[in-house]
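A closer look at the structure
Here are the chains, one letter per residue:
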Amino acid sequence: MRQYFETYRGTRKSHYWCDKVLSGAITAMPGPKRQHIELRFAAYLVKAGEEDCWSWSGPITNGGHPTLGRGGKGGGQTSARIVAYRLATGDNPDREVLNICDRKLCLNPRHLLLAGAGKSKATLQKRFEAKVQKSGPDECWLWTDKPIASGYGKLSTGHDSSPILAHRLAWQLANGDIPEGLFIKQRCGNRLCCNPAHLYLSLNPIDGPEVSARAVEAWLRCRA
Ligand SMILES: [Zn+2]
Ligand SMILES: [Zn+2]
């Protein structure tokens with residue numbers, strides 16, 4: 001290879017790269033396929049609003065995850081999420097990088113998280129917030145992911161545990177654990193609403209907010 005670059009040194013076009021290669025600064029010739037991985041990454045990234053999902057127009061694995069060639073023949077593939085994480089944080093992750101919005105092709109660094117943080121409350125909160133469309137304090141904050149058959153939003157909590165309903169999680173994140181056996185209902189009647197100001201505790205699925213408030217207070221007092 002060295003001979004190749006010595007031969008071509010002096011032709012205007014390749015002069016810069018010849019010098020770099022001969023000085024040992026780089027070991028592979030750049031070209032359409034050998035562009036720096038960060039540059040190729042940027043070309044495939046489809047950015048959107050800060051809180052939106054950023055999509056990927058580049059290659060994907062059989063499993064549907066964004067991927068990039070490391071560059072060079074036989075260099076193999078690397079997860080595009082790893083490149084996104086490195087570009088955003090400056091750290092080279094030593095573990096798998098997951099996305100908290102559960103959209104496999106999303107590469108918004110705000111939606112990426114190092115694996116192993118697992119099912120901690122902070123992780124759950126981040127994943128929750130990535131899927132809620134927050135608006136004014138009095139307005140409904142809608143769950144943006146596909147609802148379950150009953151019309152409520154849900155969030156998975158890991159392989160072994162059952163999913164949690166989005167509005168129940170919203171109440172929990174705002175107020176702490178839900179007393180055992182109690183319902184969380186929306187005073188606005190919108191089952192996708194996760195605004196804590198629209199949520200209230202209830203002893204049954206029928207009572208409205210005022211009746212529920214009195215009943216729950218009495219019930220909690222009895223139990224205390
Ligand atoms: Zn996302
Ligand atoms: Zn609401």
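Predicted model, so just to flag it, every value in this text is computed and none were measured.

Concerning the overall build of the chain
On a plain count of helices and strands, the chain comes out with 7 helices and 12 strands. Counting only contacts in the chain whose residues sit at least 6 apart along the sequence, the fraction spanning at least 24 positions is 35%.

Regarding helix α7 (residues 209-223)
Taking 1.5 Å per residue as the helical rise, α7 with its 15 residues ought to reach 21 Å, and the 21 Å between its terminal C-alpha atoms agrees with that figure. With respect to burial, α7 is a largely exposed element, only 1 of its 15 residues being buried.

Concerning the nonpolar core
Inside soluble globular proteins, nonpolar side chains tend to come together where they are buried. In this structure, Ala80, Val83, Ala84 and Leu107 are the most contacted members of the largest nonpolar core, which totals 18 residues. Sorting the residues of this core by element identifies α4 (80-89) and β6 (112-114) as the ones contributing at least two each. If you tally residues by element for this core, the top one is α4, at 5 residues. When near neighbours in sequence (up to four residues on either side) are disregarded, Val83 contacts Ile37, Glu38, Phe41, Leu68 and Thr78. Of all hydrophobic cores here, the second largest spans 15 residues; its members include Val132, Trp143, Leu199 and Tyr200.

Concerning the packing of helix α3 (residues 37-44) against α4
Remark: α3 packs on α4, axes separated minimally by 11 Å, with the N-to-C direction vectors making an angle of 105°. When the interaxial angle is binned, α3 and α4 end up roughly perpendicular. Counted together, Ile37, Glu38 and Phe41 of α3 and Ala80, Val83 and Leu87 of α4 form the full contact between these two elements.

Brief notes about the environment of Pro93
Along the chain, the position of Pro93 falls in the loop between α4 and β5 (97-99). In sequence terms Pro93 and Arg81 are 12 residues apart; their C-alpha atoms lie 9.9 Å from each other. Contacts of Pro93, omitting those with residues within four sequence positions, involve Ile82, Tyr85, Arg86 and Leu114.

Quick look at helix α6 (residues 166-175)
The set of residues buried in α6 consists of Ala166, His167, Leu169, Ala170 and Trp171. Count one or two residues on from α6 and you reach Gly176, which has phi positive near 100°.

So, the environment of Leu192
Mapped onto the secondary structure, Leu192 falls in the loop between β11 (183-186) and β12 (199-202). Here Leu192 falls in the buried class, since 20 other C-beta atoms lie within 10 Å of it. When the C-alpha positions of Leu192 and Thr144 are compared, they lie 8.1 Å apart, and in sequence the two are 48 residues distant. Discounting chain neighbours no more than four positions away, the residues touching Leu192 are Leu142, Trp143, Pro147 and Gly153.

Considering the confidence of the model for the chain
This prediction gives the chain a mean pLDDT of 82; 79% of its residues lie at or above 70. Ranking the elements of the chain by mean pLDDT puts helix α1 (residues 2-8) last with 42 and strand β8 (residues 142-143) first with 97. In this model residues 1-18 is a low-confidence stretch, pLDDT under 50, and it forms 10 contacts with partners more than four residues away in sequence or in other chains.

Quick word on the environment of Leu124
Counting through the fold element by element, Leu124 comes out in helix α5 (residues 121-130). Along the sequence, Leu124 and Leu169 sit 45 residues apart, while their C-alpha atoms lie 8.9 Å from each other.

How each quantity is defined
Residues numbered from 1 in each chain as written. Chains lettered and ligands numbered in written order. Predicted model: local features only at pLDDT ≥ 70, side-chain atom pairs only at ≥ 80, totals over all residues. Helix = DSSP H or I, 4+ residues; strand = E, 2+ residues; numbered from the N terminus. Contact = placed C-beta atoms within 7 Å. Expected span 1.5 Å × (residues − 1). Buried ≥ 20, exposed ≤ 12 C-beta atoms within 10 Å, placed from the backbone. Core = buried A, V, L, I, M, F, W, Y, C linked by C-beta atoms within 7 Å. Axes fitted to C-alpha atoms, helices over the stretch in contact; angles between N-to-C directions. Parallel < 35°, antiparallel > 145°, perpendicular 65-115°, else oblique. pLDDT = per-residue confidence, 0-100.

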